[in-house]
Amino acid sequence: MSQVSQSTKDLQAARATATFSPAKMGEVIRRADFVSDPEVRRRMRQLREEDPAFSRSTRPYMSRAGRLEAGMRTSNRVLELAQENGWDYLEYGTFLQSLGDNTGLHLHEVAFQPVINSQGSDEQKKLWMPRCTAHEILGCYLQTELGHGSNVQGLETTATYDSKTEEFVIDSPTVSSTKWWIGALGITATHGVVQARLIINGKDFGPHLFITQLRSLEDHSLMPGVEAGEIGPKAHGGFAAVDNGWARFNHVRVPRSHMLARFAQVSASGEYTKPPHSKLSYGGMIFIRAQMIGGISWSLAKAATIATRYLHIRRQFADTEAKAGQEGFGVERQVITYPSVYMRIIPQIAKSVVFLTAAADIATLYASMAAKLASGDMELLAETHAVSSGLKVYVSTEIVEGIETCRRAMGGHGYMDAAGVGKLYAKELPSTTYEGDNFILNLQVARAALKSLKAYRSSPTTFTPSPSSAYLTALSTSLPITTYLSFHSSSTQLLLIQTRAALHVDRLQRLLDSGRAWSDVSWECVKVARAVVEAYLVGRMLEAIDDGGVLSEGVEEKEKAVLRKVVQFFILHTLELSIPDLLEFGIIPASSPYSSPNDVLPGPIEALRRIVNDLAKELLPETVALVDSFDFSDYDLDTEIGKYDGRAYESLLERAKRDADLNAGDEATRERLYEQHIKPILQRGREINARSKL
């Protein structure tokens with residue numbers, strides 16, 4: 001019987017320090033998941049991990065073409081399993097998402113179908129949605145062009161209406177109008193929703209959506225007038241299994257019925273009926289953003305899980321302050337016990353929980369908006385757009401930085417592909433630019449904030465704030481706030497964070513009132529957007545842990561207590577990072593100078609820092625159980641050093657031995673490398689040294 005390693009003992013011991021049940025905690029956290037039933041997840045996980053079609057063992061060594069083929073092979077197998085097992089759409093979607101590697105099929109599900117469903121008329125949905133869900137056709141969403149990304153109004157592809165034939169003629173008039181970056185376009189898609197400028201009798205009505213057949217359903221060849229291909233590898237090897245493509249259109253004709261017509265229509269004679277609201281076309285985009293917030297949040301949870309487990313089994317340096325005979329003397333410390341490490345990791349665990357909760361929140365908000373839009377009520381459109389835009393910016397930025405923080409905290413081993421964190425970074429890095437570049441979306445968030453400020457100032461006493469503008473009520477707060485000793489108070493936390501957001505928006509308006517051009521304040525909008533989103537998140541999370549909230553309702557006391565600590569840490573850590581703003585705006589008084597060499601800096605700042613540090617120490621014994629609550633299998637994590645059993649070193653060595661031929665070629669290949677390259681180098685060196693001795 002093999003001896004249990006110290007690393008396994010360390011991880012087991014860390015689990016034993018938890019004060020709650022990871023299984024029960026997982027049920028709460030997983031409320032944001034597609035399938036929250038643990039039994040359904042277990043059954044699907046077993047199918048996935050027993051099927052050789054989903055093996056990941058050789059993926060790191062594949063060529064780009066090999067990764068594309070592997071992605072298509074797994075996509076085909078997923079659809080086979082869905083049919084064999086009679087999965088509903090949620091089960092199918094969860095299984096597909098759990099594979100880790102996105103493929104062209106993912107884009108069909110998250111970008112093609114939702115646009116038709118949200119922007120198509122009832123007749124169009126009746127025609128197209130059955131074909132989409134049965135995968136009789138495979139689609140993509142063609143918006144981005146070589147010359148235009150976030151600036152949708154600047155798109156150059158045209159769709160000119162021909163009333164004689166009742167067709168739209170889609171054309172790419174310039175090189176920069178070439179559609180680019182389109183997921184599933186390179187090889188997979190048979191159809192696409194093309195974003196193109198609607199032209200009727202020479203008049204430009206701006207971008208509209210057109211269902212266009214790209215490839216033959218008989219032999220998959222490109223349709224006449226369509227030129228398309230794959231754009232090539234992406235940075236860091238990310239999205240290797242997704243066939244991002246390009247396309248150009250040479251006067252391609254599509255029937256009038258192919259313009260998505262839920263909100264705008266063109267009659268047979270060419271009469272244009274505009275949408276009742278200029279922002280109705282945002283529905284599909286809002287859906288995609290709402291979905292991606294949850295998807296990318298799970299990636300941060302994975303990185304935090306891998307790092308937390310590894311840092312509990314990794315030991316470095318003995319405690320220099322321990323004396324002989326004392327516990328711990330001469331024994332290397334677990335790396336996670338160093339404040340410089342756990343103060344990087346605990347925030348990522350807290351953010352994972354907060355972001356997953358926010359994902360469930362925005363999904364609920366989107367569903368409410370969609371239901372109202374279906375009946376012609378646009379009440380929630382602006383709010384949902386503002387919240388989804390703000391969360392997309394904030395969450396994607398924090399997740400990309402958080403994943404990299406986890407990787408660095410793990411030291412050298414974190415850089416290995418076998419660690420599993422680097423591939424998460426490569427996967428989520430583009431989330432800061434796709435579905436709206438974050439710095440452009442910052443402007444949209446700031447504009448919405450200024451609009452709310454105007455409404456507030458026009459009638460402060462009757463202003464009815466939405467969740468995204470509730471912070472504006474803090475403008476009436478007297479400064480400085482002197483209740484800083486009550487940082488444990490939820491009301492104080494909310495007041496501080498809301499006042500900061502309100503004053504950031506107020507400052508932006510003052511800059512504009514002073515004559516600064518809008519184009520000259522884009523950098524200020526970054527801080528405004530961050531402050532506004534954090535105010536929204538803090539407000540919603542305080543509601544979530546309050547009685548009846550989503551992190552409180554039906555939750556047992558032990559789990560509830562830890563969740564409250566996690567949320568409190570997120571809020572207080574956010575406030576700590578906001579200290580420069582709190583001081584700049586005079587929200588809290590500045591600390592007094594030291595009165596003697598032995599003094600600890602007095603005042604609210606030091607009080608806040610102490611509370612954050614103390615709370616981190618309280619959470620540290622809970623961290624392994626917290627990441628266990630995310631309920632990832634070893635397959636989900638795709639790691640050698642963050643597995644559940646803690647056998648990091650053993651797994652790394654076993655993989656290196658097992659994959660020797662994949663890593664550096666078989667024995668014959670290594671022999672050839674020696675003869676052709678290494679041997680001549682060594683011989684040349686000997687000859688140089690021999691000559692130097694003459």
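Okay, so let's go over this structure. (Residues numbered from 1 in each chain as written. Predicted model: local features only at pLDDT ≥ 70, side-chain atom pairs only at ≥ 80, totals over all residues. Heavy atoms only, no water.)

**Some words on the overall build of the protein chain**
- Within the protein chain, the regular secondary structure consists of 22 helices and 13 strands.
- For a compact globule of 694 residues, the expected C-alpha radius of gyration is about 26 Å, and the protein chain comes in at 28 Å, within 12% of that figure.
- Based on the C-alpha atoms only, the size of the protein chain along its principal axes is roughly 95 × 80 × 65 Å.
- When burial is assessed residue by residue, the protein chain has 51% of its 694 residues classed as buried.
- Counting contacts in the protein chain only where the partners sit at least 6 residues apart, residues at least 24 apart contribute 73% of the total.
- Surface accessibility of the protein chain: about 32,000 Å² in total, with carbon and sulfur atoms responsible for 54%. (Helix = DSSP H or I, 4+ residues; strand = E, 2+ residues; numbered from the N terminus. Rg over C-alpha atoms; globule rule 2.2 N^0.38 Å. Buried < 20%, exposed > 50% of the residue type's maximum accessible area, 1.4 Å probe, protein only. Contact = heavy atoms within 4.5 Å. Areas by Shrake-Rupley, 256 points an atom, 1.4 Å probe, with all protein chains shown as cover.)

**A short note on the nonpolar core**
- Val 193, Leu 311, Leu 391, Leu 537 and Phe 630 are the most contacted members of the largest nonpolar core, which has 120 residues in total.
- Counting 25 residues, the second largest nonpolar core, distinct from the first, contains Leu 198, Phe 210, Val 226 and Phe 249. (Core = buried A, V, L, I, M, F, W, Y, C linked by side-chain atoms within 4.5 Å.)

**Re helix H3 (residues 38-50)**
- Taking 1.5 Å per residue, 13 residues should reach 18 Å; H3 reaches 18 Å between its end C-alpha atoms and fits that length.
- Buried residues of H3: Val 40, Arg 41, Met 44, Arg 45 and Arg 48, and no others. The arc that holds the buried residues of H3, viewed along the axis, is 130°, so those residues lie on one side.
- Against helix H5 (89-98) and helix H19 (634-637) lie the buried residues of H3. (Expected span 1.5 Å × (residues − 1). Arc of directions from axis to C-beta.)

**Some remarks on the environment of Gln 676**
- Relative to the helices and strands, Gln 676 is located in helix H22 (residues 667-692).
- Taking the C-alpha atoms as reference points, Gln 676 and Thr 461, 215 residues apart in sequence, are found 83 Å from one another.

**Concerning the packing of aromatic side chains**
- As enumerated under the stated definition, the model contains 12 aromatic pairs in all.
- Ring geometry for Trp 298 and Phe 632: centres 5.9 Å apart, planes at 85°, overall edge-to-face. Within this pair, whereas Trp 298 is found in helix H8 (residues 282-313), its partner Phe 632 is found in the loop between helix H18 (623-628) and H19, the two being separated by 334 residues in sequence.
- Residue class for Trp 298 comes out buried when judged on its relative accessible area of 12%.
- Three or more aromatic residues joined by ring pairs make a cluster, and in this case those are Phe 54, Trp 87 and Phe 95.
- Geometry around Tyr 635 places Arg 56 over its ring, the cationic atom sitting 4.0 Å from the centre.
- The lysine or arginine in question, Arg 333, covers the ring of Tyr 338, its NZ or CZ lying 4.2 Å from the ring centre. (Phe/Tyr/Trp six-rings, centres within 6.5 Å; stacked < 30°, edge-to-face > 60°. Lys NZ or Arg CZ within 6 Å of the ring centre and 35° of its normal.)

**Looking at unusual backbone geometry**
- Backbone torsion omega between Leu 479 and Pro 480 reads -5°, so that peptide bond is classified as cis.
- With respect to the helices and strands, Pro 480 occurs in the loop between helix H12 (438-458) and helix H13 (490-513).
- One non-glycine residue, Trp 181, lies in the positive phi region at around 80°.
- By secondary structure assignment, the location of Trp 181 is in strand S4 (residues 179-182).
- Look at Phe 317: it is not a glycine, yet its phi comes out positive at around 70°.
- Structurally, Phe 317 is set in strand S12 (residues 315-318).

**Digging into the environment of Lys 657**
- By secondary structure assignment, the location of Lys 657 is in helix H20 (residues 648-658).
- With 311 residues separating them in the primary sequence, Lys 657 and Ile 346 have C-alpha atoms 34 Å apart.

**Considering the pattern of salt bridges**
- In the structure shown here, the tally under the stated rule is 52 salt bridges.
- A salt bridge links Glu 524 to Arg 516; the nearest nitrogen and oxygen atoms lie 3.2 Å apart.
- Classification of Arg 516 as partly exposed rests on a relative accessible area of 29%.
- Put simply, Asp 417, Lys 423, Asp 638, Glu 640, Lys 643, Arg 655, Arg 658 and Asp 659 are held in one network by salt bridges that share partners. (Salt bridge = Lys/Arg side-chain N within 4 Å of Asp/Glu carboxyl O.)

**What about a nonpolar patch on the surface?**
- Nonpolar side chains collect at one region of the surface, where Tyr 674, Ile 678 and Leu 682 lie side by side and expose about 260 Å² of accessible area between them.
- Of note, Ile 678 is situated in helix H22. (Patch = residues over 30% accessible without salt bridge, like charges linked within 9 Å, V, L, I, M, F, W, Y side chains within 5 Å.)

**Here we look at the packing of helix H14 (residues 522-545) against helix H15 (residues 557-577)**
- Contact pair H14 / H15: the axes reach a minimum separation of 10 Å and the direction vectors enclose 160°. Here H14 lies roughly antiparallel to H15, going by the angle between them. Judged by the twist between their axes, the crossing of H14 over H15 is left-handed. Here Glu 534, Leu 537, Val 538, Met 541, Leu 542 and Ile 545 of H14 come into contact with H15, specifically with Leu 563, Arg 564, Val 567, Gln 568, Phe 570, Ile 571 and Thr 574. (Axes fitted to C-alpha atoms, helices over the stretch in contact; angles between N-to-C directions. Parallel < 35°, antiparallel > 145°, perpendicular 65-115°, else oblique. Left-handed = near helix turned anticlockwise from the far one by under 90°.)

**A closer look at the sheet that holds S4**
- Pairing within the open sheet is antiparallel, and its three strands lie in the order S4-S8-S7. Bordering the open sheet on either side are S4 and strand S7 (226-230), each of which pairs with just one other strand. Across this sheet, the average inter-strand angle for adjacent strands is 20°, counted without regard to direction.
- Of the strand pairs in this sheet, S4 and strand S8 (residues 245-249) are connected by two bridges, and their pairing is antiparallel. Residue pairing in the sheet places Lys 179 in a bridge with Ala 247 of S8. (Pairing = 2+ DSSP bridges.)

**Section: the side chain of Arg 215**
- With respect to the element layout, Arg 215 can be found in the loop between strand S6 (203-213) and S7.
- No salt bridge forms around the buried Arg 215; measuring N to O, its nearest opposite-charge neighbour Asp 243 is 6.0 Å away.
- Separated by 2.9 Å, the side chain of Arg 215 and the backbone oxygen of Gly 186 make a polar contact. (Lys, Arg positive; Asp, Glu negative; His and termini not counted. Polar contact = N/O pair within 3.5 Å; in protein donor to acceptor, adjacent residues only side chain to side chain.)

Scope: geometric values only; no functional claims are made or implied.
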